[in-house]
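# Notes for the structure review
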Amino acid sequence: MPESKRAKAVAGTNIALVKYWGKRDTALNLPATGSLSLTLAGLGSETSVRFAHDAGGSDGRDRVLFGGEPAWPLFANRVRRFLDLVRALAKIDLPAEVATVNTVPTAAGLASSASGFAALALAASRAAGLRLSPAELSALARRGSGSAARSIVGGFAEMAAGTRKDGSDAYAHSIADENAWDVRLCVAMTAAGEKTVGSTAAMALTERTSPYYAAWLSTVPGDVAEAKAAILARDLARLGSVAERSATRMHAAALAAEPSILYWNPATLAAIATLKELRAGGTSAYFTIDAGPHVKALCVSADAAKVAAALAATPGVVRVLTVAPGPGAQIMSED
Ligand code: PMV
């Protein structure tokens, strides 16, 4: 391997329309079920990685920068553990310098771990001299964050739970690319309430204590199949119905945990009501909600301005972003 190889990659975040909630293996970060998502344009992460003898900090460990500043320890250590996987794959023993910039607006409440680990998987594997297939790259990104596996793929992506113990069949593949269907996601950010519980801890608590977890799992394969058929038919009402029931069932399972996990706030409910009113008035828009209080509405691009305006006028909604489907993770530069 040539000394001091640097690679820079970009990836967009993604929003699940059929949710992932629960793991079949925590060490390998294997999902208990499949999921299906839309990768977004313009909201994501740019990450550069360089492996070299002089790339580490004064302590010899990987140097991890976020937004140009040294990253906070929890994040830096998560990145270092991920780099250990790449070093093991590439059979190298060099420290790295990693610099990540997020293009997700600060406090947007959009998961940046999906785009962050997708960009990191691509940049780090290339910088380490590896040329992974899209499936291998997706499986690698999954080790950083379950949802990151889907950001390797553009447009609509299906994540397979897989059955193999080593997780080699748990990766995402394309259902329809980013140009296949002119849809938009209107992201309504609601005033964040108390700090909520992170997805890994919340999934573990749901698995351990929610009497509805098994019921939730049993619904997912049917929802993935239905969402896929709806995408292939470009049937928004059908896809929207699946997305809404997947989100409400995921939240119902979490809500039934002990102690209960409640991500919603009053503005979350108000935004849902706004979308139902829009539908009653003939404008199709359907919600999904992740591990937080924000509401993401799926609609066709011709309706996006109207949907965004209605969400912006909803009490408690502080900001609305309208986002188009985007490409999968890509290399920006290599030297
Ligand atoms: O990838 P994680 O561990 O941040 O989990 C993602 C969980 C949800 O965003 C709520 C659902 C999903 O499928 O993205």
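For the structure itself, look to the data block above.
These remarks concern the structure in this document. As the structure is a computational prediction, the values presented were derived from the model and not from experiment.

## Remarks on the site of the ligand
Around the ligand, 14 residues are found, and the nearest of them are Tyr20, Ser145, Ser147, Arg150 and Ser199. Arginine 150 places a side-chain nitrogen or oxygen 2.7 Å from an oxygen atom of the ligand. Side-chain polar atom of aspartate 290 to an oxygen atom of the ligand: 3.4 Å apart, as the coordinates give it. Taken by itself the ligand offers 380 Å² of open surface, and the protein chains cover 92% of this. The residue inventory of the shell around the ligand, partitioned by class, reads six nonpolar, five polar and three charged. Looking at which domains feed residues into the shell around the ligand, each of domain 1 (4-180) and domain 2 (183-323) supplies at least three.

## Structural notes on the sheet that holds strand β11 (residues 286-288)
Pairing is antiparallel in the open sheet, where four strands are placed in the order β11-β12-β10-β13. Taken across any chain shown, the strands that pair with only one partner, and hence form the sheet edges, are β11 and β13 (317-323). Direction aside, the axes of adjacent strands within the sheet are offset by 25 degrees on average. Bridge count for strand β10 (residues 183-190) against strand β12 (residues 295-300) is six bridges, and the pairing is antiparallel. Residue pairing for β12: arginine 184 is matched across the bridge by cysteine 299. Packed onto the sheet, helix α7 (residues 236-255) meets β10, β11 and β12 and runs at close to 30 degrees relative to β11.

## A short note on the pairing of β10
Taken residue by residue, a regular strand's side chains alternate between the two faces of the sheet. Counting buried positions along β10 gives seven out of eight residues, so the element sits mostly inside the fold. Where β10 meets β13, six bridges bridge the pair, whose relative direction is antiparallel. What sits directly across from methionine 189, in β13, is arginine 319.

## Concerning the packing of aromatic side chains
Enumeration over the complete set of coordinates arrives at six aromatic pairs. Three or more aromatic residues joined by ring pairs make a cluster, and in this case those are Phe66, Trp72 and Phe75.

## Brief notes about helix α5 (residues 199-209)
Within α5, burial applies to Ala202, Met203, Leu205 and Thr206. The buried residues of α5 occupy an angular sector of 165 degrees when projected down its axis, which confines them to one face. Residues of α5 that are buried make contact with β2 (23-25), α6 (213-232) and α7.

Conventions adopted
Residues numbered from 1 in each chain as written. Predicted model: local features only at pLDDT ≥ 70, side-chain atom pairs only at ≥ 80, totals over all residues. Heavy atoms only, no water. Near = heavy atom within 4 Å. Polar contact = N/O pair within 3.5 Å; in protein donor to acceptor, adjacent residues only side chain to side chain. Areas by Shrake-Rupley, 256 points an atom, 1.4 Å probe, with all protein chains shown as cover. Nonpolar A, V, L, I, M, F, W, Y, C, P; charged D, E, K, R; others polar. Domains from an automatic or database assignment. Pairing = 2+ DSSP bridges. Helix = DSSP H or I, 4+ residues; strand = E, 2+ residues; numbered from the N terminus. Axes fitted to C-alpha atoms, helices over the stretch in contact; angles between N-to-C directions. Contact = heavy atoms within 4.5 Å. Buried < 20%, exposed > 50% of the residue type's maximum accessible area, 1.4 Å probe, protein only. Phe/Tyr/Trp six-rings, centres within 6.5 Å; stacked < 30°, edge-to-face > 60°. Arc of directions from axis to C-beta.

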